[in-house]
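# Analysis of the macromolecular model
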Amino acid sequence: MKIFHSIEDFSTTKKTILTLGTFDGVHIGHKKILDKLIQNTKTNEFESLVLTFFPHPRMVLQDKSEIKLLNTIPEKIKLLKAIGIENLVIHPFDESFSRLTAEEFVEKILVNQFHIHKIIIGYDHRFGRNRTADIDDLILFGEKYGFEVEQISVQELNDISVSSTKVRKAIIEGNISLANNYLGYDYFLTGTVVEGKQLGRTIGFPTANLKIQEDYKLIPSNGVYVVKSTLEDKTVFGIMNIGFNPTIGTNSLSIEIHYLDFDTDLYGQEIKVSILHHIRQEEKFDSIVILKNQIEKDKEIALKYIKELSHL
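Here is a short report on the structure shown in this document. Since this is a predicted model, take the numbers as computed values, not measurements.

Here we take up the packing of aromatic side chains. Overall, the coordinates contain 10 aromatic pairs when judged by the stated rule. Summarising the aromatic geometry, the rings of Phe54 and Tyr216 are spaced 5.0 Å apart at their centres and angled 50° between planes, so their arrangement reads as tilted. Of this pair, Phe54 sits in strand β3 (residues 46-54) while Tyr216 sits in the loop between β8 (208-211) and β9 (223-231); the two residues are 162 residues apart in sequence, bridging distant segments of the chain. A relative accessible area of 26% places Phe54 in the partly exposed class. Aromatic pair Phe97 and Phe105: ring centres 6.3 Å apart, planes at 90°, arrangement edge-to-face. Among the aromatic residues, those joined into a ring-pair cluster are Phe53, Phe93, Phe97, Phe105 and Phe127.

Further remarks concern the layout of surface pockets. Left-over empty space is what a probe sized like a water molecule reveals as it rolls over the atoms. Empty space within the largest pocket amounts to approximately 1400 Å³. Around the largest pocket, the lining is made up of 43 residues, and of these Gly21, Thr22, His125, Arg126 and Arg131 lie nearest the centre. Contributing elements (two or more residues each) for the lining of the largest pocket: β2 (15-20), α1 (28-40), α2 (57-61), α4 (95-98), β5 (116-122), α7 (154-160) and α8 (164-172). Here the lining of the largest pocket is composed, by residue class, of 17 nonpolar, 18 polar and eight charged.

Turning to the environment of Ala102, a few remarks are in order. Structurally, Ala102 is set in helix α5 (residues 102-113). Ala102 sits in the buried class, given a relative accessible area of 11%. Distance from Ala102 to Ile171, taken between C-alpha atoms, is 35 Å for residues 69 residues apart in sequence. With residues near it in sequence (within four places) discarded, Ala102 still touches Phe127, Gly128, Arg129, Ala133 and Phe141.

Let's shift gears to helix α11 (residues 288-310). For α11, which comprises 23 residues, the first-to-last C-alpha distance of 33 Å matches the rise-based estimate of 33 Å (1.5 Å per residue) to within 8%. Those residues of α11 not exposed but buried are Leu291, Gln294, Ile295, Asp298, Ala302 and Ile306. Buried-residue contacts for α11 involve β9, β10 (234-243) and β12 (270-281).

Attention now moves to helix α9 (residues 176-183). Inspection of α9 places Ile176, Ala179, Asn180, Tyr182 and Leu183 among the buried residues, and these make up the whole buried set. With its buried residues spanning 160° around the axis, α9 presents them on a single face. Elements in contact with the buried residues of α9: α1, α8, β9 and β12. Remark: Gly184 follows α9 within two positions and exhibits a positive phi of approximately 85°.

Calculation criteria
- Residues numbered from 1 in each chain as written.
- Predicted model: local features only at pLDDT ≥ 70, side-chain atom pairs only at ≥ 80, totals over all residues.
- Heavy atoms only, no water.
- Phe/Tyr/Trp six-rings, centres within 6.5 Å; stacked < 30°, edge-to-face > 60°.
- Helix = DSSP H or I, 4+ residues; strand = E, 2+ residues; numbered from the N terminus.
- Buried < 20%, exposed > 50% of the residue type's maximum accessible area, 1.4 Å probe, protein only.
- 1 Å grid on protein atoms, 1.4 Å probe; cavity = no way out; pocket = protein on both sides within 12 Å on 5 of 7 lines; lining within 4 Å.
- Points joined across faces, edges and corners; volume = space filled by probe spheres on them.
- Nonpolar A, V, L, I, M, F, W, Y, C, P; charged D, E, K, R; others polar.
- Contact = heavy atoms within 4.5 Å.
- Expected span 1.5 Å × (residues − 1).
- Arc of directions from axis to C-beta.

Everything listed here is a matter of geometry and, on its own, says nothing about what the molecule does.
The following block contains the structure:
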């Protein structure tokens with residue numbers, strides 16, 4: 001997959017079939033559109049192109065938007081590459097770009113820059129300054145500038161009934177299984193293992209402390225989860241705690257993973273942590289002993305869940 005970090009950087013010798021959007025999460029609804037894109041470019045006559053934006057438009061256009069995203073840019077790149085997209089343009093979204101009229105966007109970008117043959121888009125897509133243009137306007141532009149418009153019908157999208165907003169809501173509420181169903185894969189965190197306070201090790205549960213560089217990444221609600229990672233080429237399960245360790249009294253959010261049957265030094269390594277199941281919310285216990293007993297119970301729940309998973 002070729003990656004371009006602005007519209008101006010893109011170049012091709014072929015005409016393109018494209019789709020555009022933020023594609024946050026690259027969920028099963030997005031995949032419906034992306035699969036159509038791939039199917040349309042199987043002959044090698046045209047190239048597939050996805051246009052997406054960063055920052056998310058809501059971060060730029062809404063004063064008090066505190067939106068957190070399902071994917072970091074590197075995560076989104078990996079997901080789109082796995083689907084088989086040939087070209088990805090990640091354009092910096094700013095107020096200047098948002099002021100382009102619908103026709104300026106079509107003529108300057110879709111036609112002149114991307115050499116568009118066809119655009120595949122949802123029936124409810126809106127674009128241009130103040131999002132005033134819709135699918136009917138796009139069809140008229142297609143007739144004027146000589147490109148096709150294929151729309152994903154209301155029926156197709158309603159059958160899926162998923163959105164990035166729904167996924168975010170499920171994750172925030174701790175409903176990981178619902179979020180994973182919407183996504184079509186297990187929600188995951190990517191970060192670097194850093195040195196912690198070694199408190200887990202002192203009570204018999206050594207943890208990998210995960211630091212996520214991107215502050216816009218959506219972190220699930222505080223609590224304990226069953227997770228898995230691929231470490232040293234094998235799948236390793238664990239329990240992850242997200243929160244402030246109220247029993248011990250830290251004042252900063254931490255993400256700690258205790259891997260089961262794995263105790264290799266991971267400091268400095270970047271790891272991917274897939275979240276499978278929510279066990280419980282974070283709690284404050286009266287003593288370290290009670291905390292330790294609770295972690296043993298969490299571990300039992302996790303092992304039972306993992307065993308059931310292996311029989312599916």
